[in-house]
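An overview of the molecular structure
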4 protein chains.
Amino acid sequence: MLRFNSDYTEGCHPAILKRLTETNMEQTPGYGEDAWCAAAADRIREVCEAPEAAVHFLVGGTQTNMTVISAALRHHQGVITAESGHIHGHETGAPEACGHKCLALKSADGKLTAEQVAAYVDAHYADESFEHMVQPKLVYLSNPTELGTIYQKAELEALSSVCRERGLYLFLDGARLGYGLACRENDLTLPDIARLTDVFYIGGTKVGALFGEAVVITNEKLKEDFRYNIKQRGGMLAKGRLLGIQFLTLFEENRYFEISAHAMRMAEKLKAGLIKMKIPFLIDSPTNQLFPILPDAVLESLKENYTYTCQNRVDGTHRAVRFCTSWATKEEHVDRLLSDIRRLLPAD
Amino acid sequence: MLRFNSDYTEGCHPAILKRLTETNMEQTPGYGEDAWCAAAADRIREVCEAPEAAVHFLVGGTQTNMTVISAALRHHQGVITAESGHIHGHETGAPEACGHKCLALKSADGKLTAEQVAAYVDAHYADESFEHMVQPKLVYLSNPTELGTIYQKAELEALSSVCRERGLYLFLDGARLGYGLACRENDLTLPDIARLTDVFYIGGTKVGALFGEAVVITNEKLKEDFRYNIKQRGGMLAKGRLLGIQFLTLFEENRYFEISAHAMRMAEKLKAGLIKMKIPFLIDSPTNQLFPILPDAVLESLKENYTYTCQNRVDGTHRAVRFCTSWATKEEHVDRLLSDIRRLLPAD
Amino acid sequence: MLRFNSDYTEGCHPAILKRLTETNMEQTPGYGEDAWCAAAADRIREVCEAPEAAVHFLVGGTQTNMTVISAALRHHQGVITAESGHIHGHETGAPEACGHKCLALKSADGKLTAEQVAAYVDAHYADESFEHMVQPKLVYLSNPTELGTIYQKAELEALSSVCRERGLYLFLDGARLGYGLACRENDLTLPDIARLTDVFYIGGTKVGALFGEAVVITNEKLKEDFRYNIKQRGGMLAKGRLLGIQFLTLFEENRYFEISAHAMRMAEKLKAGLIKMKIPFLIDSPTNQLFPILPDAVLESLKENYTYTCQNRVDGTHRAVRFCTSWATKEEHVDRLLSDIRRLLPAD
Amino acid sequence: MLRFNSDYTEGCHPAILKRLTETNMEQTPGYGEDAWCAAAADRIREVCEAPEAAVHFLVGGTQTNMTVISAALRHHQGVITAESGHIHGHETGAPEACGHKCLALKSADGKLTAEQVAAYVDAHYADESFEHMVQPKLVYLSNPTELGTIYQKAELEALSSVCRERGLYLFLDGARLGYGLACRENDLTLPDIARLTDVFYIGGTKVGALFGEAVVITNEKLKEDFRYNIKQRGGMLAKGRLLGIQFLTLFEENRYFEISAHAMRMAEKLKAGLIKMKIPFLIDSPTNQLFPILPDAVLESLKENYTYTCQNRVDGTHRAVRFCTSWATKEEHVDRLLSDIRRLLPAD
């Protein structure tokens, strides 16, 4: 079985396991207060050009999202998100379990626009019974989005301005950030993101680590007492050094960017192959998640040797599915998938 | 100023104040465990033909909604509601503050359909990652809805079947129930509602009481420990007898239905008058909330002597507004409003 | 049956019902934005000598406690309270249901001391794993306490200093505040309390109103967005004027203080009578809640004609119970209770 | 620096890292639905002699505690725990953040007794205002406790009976379970624990794994929908196989018990050495956490080369501290610590 359903089907970059093995019997303090975490945080501040940022390491995405959101908000405040936002549809209501409503805005491509956010917030305060509605206070973006799309620098700048003018926090979920930064269409850098958001995270789970997300907080108000919130939400790993070691290994020697670039080369090859077969896409994603629309019969046959994620039904005989590449994807597997699809496709 | 913006602009039916005054120096046990509450509960069980129902009295609608929802659900479960549902848009996220996500479905007329609920729930369980989404467990209806529309008996029966087949609770918010039951188009009775739902409430605040909502629980599982939940959510009134006295006064001598019928006569008169002037409506509401679409200039002038609620902008020069009648509406005020609108309307 | 079990066994001061009746058919805006609420708030600011205070009216005590606490705190913060504090033991975990832990300190007399609070907070920050513990951020006092005791001005000043030095909010639950201010041992005034706390409330439910608590907020940070929180916790009464009318009636013409003084005269008479019979007390309460220790046999007989609250068992044959007086207590009932106890007591 | 402050100062048993390395590039499904997790769950069911048990793998202790507690309880229900229980004092209020109050009972040795639990629950229901208090529904034990003590089989049987008679869930936190089972005084087995509790977990983080806790659920009601709760609380590891591989490695070939036995041999040696020096203990712990009382001067000097945890001050010149041994403790380090203490102790 070849797995293209997600970008977390393998373990981790071998350099990480090697280092975990080398350092295994070292004794360190717990809970992220060890030298490895300190070094990794320093390195991340450096690559983000954000010397004052607070950097914390958590285990997974849902945990990180709920910790950031609940640390930032008072009880009556909610989160603006695209309807397709991961927090709205795929975290079993974790933000709501912390008391915070997702204020979901429509979006065809998984992105929010500055205009949309401004309009929503302005309408809130213009309503005579605004206090009967959840106060919008934090904007949640994912980049790349759940549909594989990315924000252009100008878009993020506009969102940042809208948020700052209206007193909203801007939070960017970077679970797949590496793939976004490595894609051809991207014009954002880590320093841009650090400068334009109040808090964001750099995903490790999907980009070469066994697990782990590095939260970068630049807004002073959000830095305060953050570790209490990590602990309360169950995200303070006893052997925190495991996170420090992983992120240091990813960010030393440019590894995070190189392995992301590999995933993007694999995605481009896959995309080009599908386009060549005239397969349409649900959305034109520039990153490592691709959403081709395939005949049910093809998908049925593919299932014997490949995994993919069902995205949605398009018509009576076609479904959109998701194929992911990752740091671990082998070129021969992409070739094999393309060749099998070609074979299965009905002749024109 | 004549207030048509809501149905809670006056105090209460005079018979209630008379009785509160007569009984004022009586000593009773607190927290709803007095003889007045017992008598009122008995009377409500009688009019609902639900001898086994548990009846509890709470103070207001948001409080009642959050108490019922949080008493019914486990943490990972959510509430299916129309997008226009009061709990979704006008209770400052009270369900979410209790940990429960509103699963909002589109609705043009404020109502949910059985098909819609069935499709949503079936899609949930058909999704391979269903455990990553909030489990739908309770369906919230309001009758009349926030748009003044009502459920027909056949519609409620269909919803009830869908819920029972799928193990969902059906909860009906009856904040304006009297007006729904009293309207011409209605074919539901209190016994129908008691039979078809698991829990519902009969609104007092908007139908003749100073305040108060009577919760009727017919599902055994929802009866268990309900009073703990009332207390926890701040809804256990120390002088509970105030609620018992009010509901007893409303339900003795058919008063609840008579005052509701008055409100409906006033609404019909107002509606007929507006139709005669060829004023269009945002929605064709059969109950005491009317949503005419009026020119901005008319609305501006009306503001000097009348209050109304802004519903939404329809075009560059027209807005839909809400006018409410109630148990307390005076016919002469309806006449005056109609005549003033007629006067202000541009000649054809 | 004569009820001495609590101070909320009757309705309200007749002047309130009279005014509710006089104003019943007035039309007002809802949700506390009417002229009655505005006038009552002005009057309360005046008697508190706190012209900048925000004043809000809520329905009941549990609701008020949870609204204030959840409006004030971030998720990782908790409430310091005496173990006997109402929020800790008698609100079905309402603060915890909002996410906030009660940090309960021992107290023999229901009061916290400044030293105790300082020691607790200082120990928190001295602990190397302080982030693994709930951060103490708000101190909850009740005055009078659940044991009928009161704070002296010097004690409240000391608590206020400790809180301000350590960045804690000081919150005083005044559900029975009238009785505390009216008692002989008291040296506090409303202006003192307004000056020394960040937020407190003046109880109406137990002191002459049908229901209602007036929250007075002096700390700027706590004023922000408070009405969102009232709505979210179900405390925003649709016909808010009912609260305004009640508090205006209580605070015009000194009524609140006069009816409290009556309750205290009744309590003093009852206490003196019990002392004369050499009945011991669980605690020496100077206010309207008395905790005599009586033989089981006496209590058993009293039960036929009186209600009281069981406080706790003292030994194999004696229990401490609570008798309350109130604004509504009749002197002849106190006399009758005393005479019945005298009759039932075993001869020496 | 030699670290005796906790049992999670190293990485993991080398066999685990070896296997993680060998399996690193395998592709597996995510979220614990892979073959490794299935095999580990089977193996745990086997060693627990609980063929019907549900087994889930989570990352850490706080996360596991809050997931189990919030999955089991309705909103008005709380957790009985010893005052020293980890959930009460060292998880930043995680249970409360999920809405559930810790009902803390006094305990000198960190253990609860069956009598204590029975008395508490019976008093709850005997109280006339029981609905004003949090309903006790789940009993939380840790074994070994936070003070290193363990439950005897007869004690756990008595607790189990009390819970079953009163409809309470019994939940055992086994973060250090291996060390408890391996100690000389222990007479419990995994099958006993599976039989006597409703849910418990086998700690990996402190007993040889990089991280991970294996939850074993035997009560049918608690099995339902558990994975939704794992996801909602952020505990569903994307690469779940990491947990399966670790627990399979620990439970194949008896490894979990052997490495626990090593830790106990080290603890016994350390304890014997301290006793020989006539050092008193705060509590007589039979497991891998020891609480000797040492002079401040000795502790001050030790700090240069050793870490320990401060437990509490005993008198003006002595403190109780915690030394832990673990699966990773080297005998020579125990010897060195003992010899250094001996050298530092004042001559008699």
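For the structure, see preceding data.
Notes on the structure in this doc start here. (Residues numbered from 1 in each chain as written. Chains lettered and ligands numbered in written order. Predicted model: local features only at pLDDT ≥ 70, side-chain atom pairs only at ≥ 80, totals over all residues. Heavy atoms only, no water.)

Between Asn 143 of chain B and Pro 144 of chain B the backbone carries a cis peptide bond, its omega angle lying at -10°. Note on placement: Pro 144 of chain B falls in the loop between β5 (135-142) and α7 (153-166). Of note, Asn 254 of chain A is a non-glycine position whose phi angle comes to about 65°, a positive value. You can call Asn 254 of chain A partly exposed: its relative accessible area is 40%. Not every positive phi belongs to a glycine, and Tyr 31 of chain D is a case in point at roughly 60°. Tracing the sequence through the fold places Tyr 31 of chain D in the loop between α1 (14-22) and α2 (35-47). For Tyr 31 of chain D, a relative accessible area of 19% translates into the label buried. (Helix = DSSP H or I, 4+ residues; strand = E, 2+ residues; numbered from the N terminus. Buried < 20%, exposed > 50% of the residue type's maximum accessible area, 1.4 Å probe, protein only.)

Facing 45 residues of chain A, the contacting portion of chain D comprises 45 residues. In total, about 4,100 Å² of surface goes out of reach between chain A and chain D, with carbon and sulfur atoms giving 55% of it. Applying the counting rule to chain A against chain D returns 0 salt bridges. One can count 24 residue pairs in polar contact (both at pLDDT 80 or more) joining chain A with chain D. (Contact = heavy atoms within 4.5 Å. Buried area = accessible area lost by both parts, 1.4 Å probe. Salt bridge = Lys/Arg side-chain N within 4 Å of Asp/Glu carboxyl O. Polar contact = N/O pair within 3.5 Å; in protein donor to acceptor, adjacent residues only side chain to side chain.)

Residues and elements named next belong to chain A. Under the criterion given, the structure shown has 99 salt bridges over all chains. Across the pair Glu 331 and Lys 269 runs a salt bridge whose closest N-O atoms are separated by 2.8 Å. You can see Glu 331 sitting in helix α15 (residues 331-344) and its partner Lys 269 sitting in helix α13 (residues 255-276), a full 62 residues away along the chain. Classification of Glu 331 as partly exposed rests on a relative accessible area of 40%. Connected via shared salt-bridge partners are Lys 153, Glu 157, Asp 192 and Arg 195.

A full pass over the atoms with the stated rule returns 50 aromatic pairs over all chains. Aromatic pair Tyr 8 of chain B and Tyr 31 of chain C: ring centres 5.6 Å apart, planes at 70°, arrangement edge-to-face. Remark: Tyr 31 of chain C occurs in the loop between α1 (14-22) and α2 (35-47) and Tyr 8 of chain B occurs in the loop between β1 (2-3) and α1 (14-22); the pair is interchain, linking two chains. Arranged with centres 5.8 Å apart and planes meeting at 75°, the rings of Phe 130 of chain B and Tyr 228 of chain D form a pair that is edge-to-face. Of the two residues, Phe 130 of chain B sits in the loop between α6 (114-126) and β5 while Tyr 228 of chain D sits in helix α11 (residues 226-232), which places them in two different chains. (Phe/Tyr/Trp six-rings, centres within 6.5 Å; stacked < 30°, edge-to-face > 60°.)

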